[in-house]
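So you can see what is in the structure, the chains are spelled out below.
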Amino acid sequence: MSRDRRGHPGGALIALVVLSSAAPHAAAAGEPAAPDPVVIRLMQPDAQARRVLALFDGARLPHPAAALAAWKRAGGDGLGKPVEALITLFNPEMASEWRAFNGARVWIDPNAPALRWRILVPHDDDGAVAALCMTARLSGGAEAEPLALRGRTLSVGRTAGPGSALFVADGSRVAIASLRTDLARTLSSDADDPPRAEGLSLHVDLARLQADPADRLNLARAALLAQAAGLEKLDALLTLRDDQARLRIDGSGAQAAELSLGTVPARWPAQLIERNLMALASFPIGPDRKALDRAFDTLARLERLDPARKGVASIRSRLDFTALAAGVNLELDLWPRLRGVTVAVTAEPDQPGAVSGVVLVLHLDAEKSARLFASTSAPRIIERLGGAPVPGVREKDTRRAWGKPVMVDHQAADVRIAWGADAIAAVRKPGAPGAAWTAEIDRKNPARVAAIWPARCLPELVQASPARRAALEADPPALWLGWNKPGATHDEIIWPGLHKRVRAFLETIPPAPIHKAENRR
């Protein structure tokens, strides 16, 4: 194994540790050990590094580090030091060095007043990670009080100034933690349990997630969603294999998926043309009113978690009152007939990350219900919200609201409402063929579906050339499929076509300029 520390993957780890621990921590030094709701683990990262390199087979640039160098020579914007440090480690010389992190774990306690975390590298056999920690200590860190462990005294160092991460090495084990009290229990952790599947694994004890909404609103929302879904634990595995990235998520709990809502037919998302879409989601409601009541109750509780909105009326009440003012009774005309929802957002053609419109498809119980709601109820509600017919447009189902056109129509038992020109263009005409990726939905009968086009969600690509955006946007989306069974849920997110996507993107990077001195040779 190479002894050159400058390119060792530990450099990225130490850089991230120093950046994440620059501020002092609120917890006291004598605070007792707390449970860790979140555990992240690396398994066979060297094999995953080789799979990343394989995506560059046949490409103009041979690996990510070379691509980054070419990108910067061509005047590309910086990606930030941590990201660039990580990218430079993906080259053929460094792939085998990732073995040092096989079995590495990160424990995180997001419930702590300040984020509490600890890291164990169990197989630092050549001392590379320990040496990098020592380098950080010598170049701006400090020496801390030694640690007594099992009758021995171990040196402890800080990676930066006061409040930064502490580290200690014990043979081939290196522990890094945000608090001194976590060093000993990190070194005592059993990291040599039976091997698991290759990739990056995540375990979350959802029942232990607790947060004050006034301090950590998003964490409180995550805990509430887990509670509403009946989930107590979540296990995920992110892996790269062949030509696709795959994230598998398994949830469990005594009350998980206790309501059977049905499955998503492929025709639901297939009604939308994917050319301008950023993301879409499709899920059934089921004929059981309990499912709808539970969904609205969860939405209301999520909104009221925000201290600023603690006393607001529920979203269901607000929708009902708005509709009643327009002469529509949603409790009779819509909710009992609703069988599912598909919602999508569209992107501005030349502004990735900027929403240009929204499509809402209401899947009802029968064509008669859809025709009636689309022809009378929906137009009344839109007019009540400020919508008006578009001058010069003959189609009676086209109006204008909030500065953009609104279209309402129905296809079979579906009511389709599109806001914005891009959203209207995304609604597929009857009889038009669906997208190829929807065949996977038809084959697997999932209980929920989402599709995401990552390149259309990144504001950073606004400055990219049209060719570069086209190379990233042309391929199939990342597809999210989920299933339910008593006491458990299973979800998969699959992003295919990575080899083709990498090669197409690399072709958009200009070749390195030839200097005059090189021309004279």
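Residues numbered from 1 in each chain as written. Predicted model: local features only at pLDDT ≥ 70, side-chain atom pairs only at ≥ 80, totals over all residues. Heavy atoms only, no water.

A. Main features of the environment of A413. Residue position: A413 is located in the loop between β16 (404–411) and β17 (414–419). Considered as a pair, A413 and R371 are 42 residues apart in the sequence and their alpha carbons are 7.6 Å apart. Not counting chain neighbours up to four residues away, the residues in contact with A413 comprise L362, H363, L364, A366, E367 and A370. (Helix = DSSP H or I, 4+ residues; strand = E, 2+ residues; numbered from the N terminus. Contact = heavy atoms within 4.5 Å.)

B. Examining the pairing of strand β18 (residues 448–452) more closely. Inspection of the sheet shows strand β11 (residues 277–284) paired to β18 by four bridges, in the antiparallel sense. When the sheet's bridge partners are listed, A281 is paired in β18 with A450. Taken together, the five bridges between β18 and strand β19 (residues 478–485) define a ladder with antiparallel strand orientation. Pairing of I452 across the sheet is with A478, part of β19. (Pairing = 2+ DSSP bridges.)

C. Layout of the confidence of the model for the protein. Residues at a pLDDT of 70 or more form 81% of the protein, whose mean pLDDT is 81. Below pLDDT 50 for its whole length, residues 516–521 participates in two contacts with residues either more than four positions away or in separate chains. (pLDDT = per-residue confidence, 0-100.)

D. Focus on the side chain of R316. As for its position among the elements, R316 is in helix α10 (residues 315–325). Beyond its immediate sequence surroundings of up to four residues, R316 is in contact with R289, L292, D293, F296, E331 and W335.

E. Summary view of the packing of aromatic side chains. On inspection of all chains with the given rule, the structure shows three aromatic pairs. Ring geometry for W437 versus W453: centroids 5.9 Å apart, planes at 75°, classification edge-to-face. Of the two residues, W437 sits in the loop between α13 (421–426) and α14 (439–444) while W453 sits in the loop between β18 and α15 (466–473), which places them 16 residues apart along the sequence. Take W437 and W453: they sit in the same class, and that class is buried. Sitting over the face of the ring of W419, K404 holds its NZ or CZ atom 4.9 Å from the ring centroid. (Phe/Tyr/Trp six-rings, centres within 6.5 Å; stacked < 30°, edge-to-face > 60°. Buried < 20%, exposed > 50% of the residue type's maximum accessible area, 1.4 Å probe, protein only. Lys NZ or Arg CZ within 6 Å of the ring centre and 35° of its normal.)

F. Broad picture of the packing of helix α7 (residues 217–229) against helix α9 (residues 289–304). As a packed pair, α7 and α9 sit with axes 10 Å apart at the nearest point and diverge in direction by 165°. With respect to each other, α7 and α9 are oriented roughly antiparallel. Seen along the crossing, α7 lies across α9 with a hand that is right-handed. Across from R221, L224, L225, Q227, A228 and A229 in α7, the residues of α9 making contact are R294, T298, R301 and L302. Per-class residue counts for the contact of α7 with α9 are five nonpolar, two polar and three charged. (Axes fitted to C-alpha atoms, helices over the stretch in contact; angles between N-to-C directions. Parallel < 35°, antiparallel > 145°, perpendicular 65-115°, else oblique. Left-handed = near helix turned anticlockwise from the far one by under 90°. Nonpolar A, V, L, I, M, F, W, Y, C, P; charged D, E, K, R; others polar.)

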